[in-house]
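Chain by chain, the residues run as shown.
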Amino acid sequence: MKPIHFVDPNNLLLCAIITAAMQIFFFGIAATFRFDKVTDFAGGTNFMVLALMTLLLAQTFSVRQILVTAFVCAWGIRLSGYLLYRIIKIGEDKRFDDKRDNLCAFAGFWTFQAIWVFTVSLPVIFTNCSYSNVNNYFTVQDIIGISMYGVGLLTETFADFQKFNFRDNPANNGKWCDYGLWKWSRHPNYFGEIVLWWGMFLISTSVIQGGQWAGIIGPVFITSILLFLSGIPLLEKKSDERYGKVEAYRDYKRSTSPLVPLPPYFYGRLPDAVKCFVCCEFPLYNTMDEADQDELEVKVDEVNGKARANSA
């Protein structure tokens, strides 16, 4: 059968339309019924829909295309299933506590989710393109990419379940997770996610050509989001506010890598410059010093106020 193209040979416009339609549909359900349980499910399943659709439209079914599609489906089923189970277990998603009553803010989140799905899917979309069926033999990029995908998927899977089980234990109430992979990394699940999608892009480099190299935007986007926007910075700030006064937490943070799993004994002895430029220990991840400074300024103001009152 001949490949099916919708306007462009990569079917990018069709993928964008499908993504927008799915996110609008689930946004309508979430906004109307104030139903958090569909949010992450909508994101994960959207990835699978794009992968399967582009594979079927191309009609080439190369080993690489089937493999990449299977990888996306395995990741999507794992992530969507886990997040759906977690939200059913805990009830409401706290990410939306300040957005449910603000329709524009809530719609903004769903718009961002649509951009996330489409952008990160680019390497898969280009790999599944009909004219990407240029070879069926495995390249060095394929082998390294497949290995990275496996490491990434296993890492985030174990990290998610270790943290969920830790929090599900009443004995750990009020504690930060430093169990399993979380003893070697403060965010091992994000490490797995980043490695996984760079692996998917690396696989795509075996066949992409010309403008398809724009697919690198996918892993760059997910890496940037997790490192600098809605991933690590927000979680670090929340943890610092909650545990910043606890000396054991400060020791954990000083000796534990923010992203790449490393032995605490080794990481704690690295120079600050190496931690920053090699291990991603960026200054924006530390808000404890700011909190201490604010508290000191408040105390100074209180002392000065009392002094003025006494002198009066």
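Everything below is about the structure shown above.
Residues numbered from 1 in each chain as written. Predicted model: local features only at pLDDT ≥ 70, side-chain atom pairs only at ≥ 80, totals over all residues. Heavy atoms only, no water.

Engineer: Could you clarify how one ought to interpret the packing of helix α7 (residues 188-204) against helix α8 (residues 217-229) in this entry?
Structural biologist: Packed helices, taken two at a time, are described by their axes: the angle between them and the distance between them. Where α7 meets α8, the closest approach of the two axes is 9 Å, and the angle between their N-to-C directions is 170°. Classified by the angle between their axes, α7 and α8 sit roughly antiparallel to one another. Viewed along their axes, α7 and α8 form a crossing whose handedness is left-handed. Of the residues in α8, those in contact with Tyr-190, Glu-193, Ile-194, Trp-197, Trp-198 and Phe-201 of α7 are Pro-219, Val-220, Ile-222, Thr-223, Leu-226 and Leu-227. (Axes fitted to C-alpha atoms, helices over the stretch in contact; angles between N-to-C directions. Helix = DSSP H or I, 4+ residues; strand = E, 2+ residues; numbered from the N terminus. Parallel < 35°, antiparallel > 145°, perpendicular 65-115°, else oblique. Left-handed = near helix turned anticlockwise from the far one by under 90°. Contact = heavy atoms within 4.5 Å.)

Engineer: Looking at this structure, how should I read the nonpolar core?
Structural biologist: In terms of nonpolar packing, the biggest core is built from 45 residues, with Phe-47, Trp-75, Trp-116, Trp-197, Met-200, Leu-227 and Leu-259 touching the most fellow members. The element contributing the most residues to this core is α7, with 9 residues. If near-sequence neighbours (up to four positions away) are discounted, Phe-47 is found in contact with Val-72, Trp-75, Trp-116, Val-117, Val-120, Ser-121 and Trp-197. (Core = buried A, V, L, I, M, F, W, Y, C linked by side-chain atoms within 4.5 Å. Buried < 20%, exposed > 50% of the residue type's maximum accessible area, 1.4 Å probe, protein only.)

Engineer: Quick question: what am I supposed to make of the environment of Ser-62 here?
Structural biologist: Positionally, Ser-62 belongs in the loop between α2 (39-58) and α3 (63-90). A relative accessible area of 4% places Ser-62 in the buried class. Here the alpha-carbon distance between Ser-62 and Asn-135, two residues 73 residues apart in the chain, equals 8.2 Å.

Engineer: Looking at this structure, how should I read the environment of Phe-112?
Structural biologist: The topology assignment puts Phe-112 in helix α4 (residues 103-120). When its relative accessible area of 29% is taken as the criterion, Phe-112 is described as partly exposed. C-alpha of Phe-112 to C-alpha of Gln-23: the two residues are 89 residues apart in sequence and 9.8 Å apart in space. Setting aside anything within four residues of it in sequence, one finds Phe-112 in contact with Phe-221 and Ile-225.

Engineer: Looking at this model, I keep getting lost on a nonpolar patch on the surface. Mind explaining?
Structural biologist: A contiguous nonpolar patch, built from Phe-6, Val-7, Leu-13 and Ile-17 and spanning about 370 Å² of accessible area, is present on the exposed surface. Examined against the element boundaries, Ile-17 turns out to sit in helix α1 (residues 12-33). (Patch = residues over 30% accessible without salt bridge, like charges linked within 9 Å, V, L, I, M, F, W, Y side chains within 5 Å. Areas by Shrake-Rupley, 256 points an atom, 1.4 Å probe, with all protein chains shown as cover. Salt bridge = Lys/Arg side-chain N within 4 Å of Asp/Glu carboxyl O.)

Engineer: Can you help me understand α1 in this one?
Structural biologist: Taking 1.5 Å per residue, 22 residues should reach 32 Å; α1 reaches 32 Å between its end C-alpha atoms and fits that length. Listed in full, the buried residues belonging to α1 are Leu-14, Cys-15, Thr-19, Met-22, Gln-23, Phe-26, Phe-27 and Ala-30. Lining the buried residues of α1 we find α2, α4 and α5 (122-127). Immediately downstream of α1, the backbone of Arg-34 shows phi near 50°, a positive value. (Expected span 1.5 Å × (residues − 1).)

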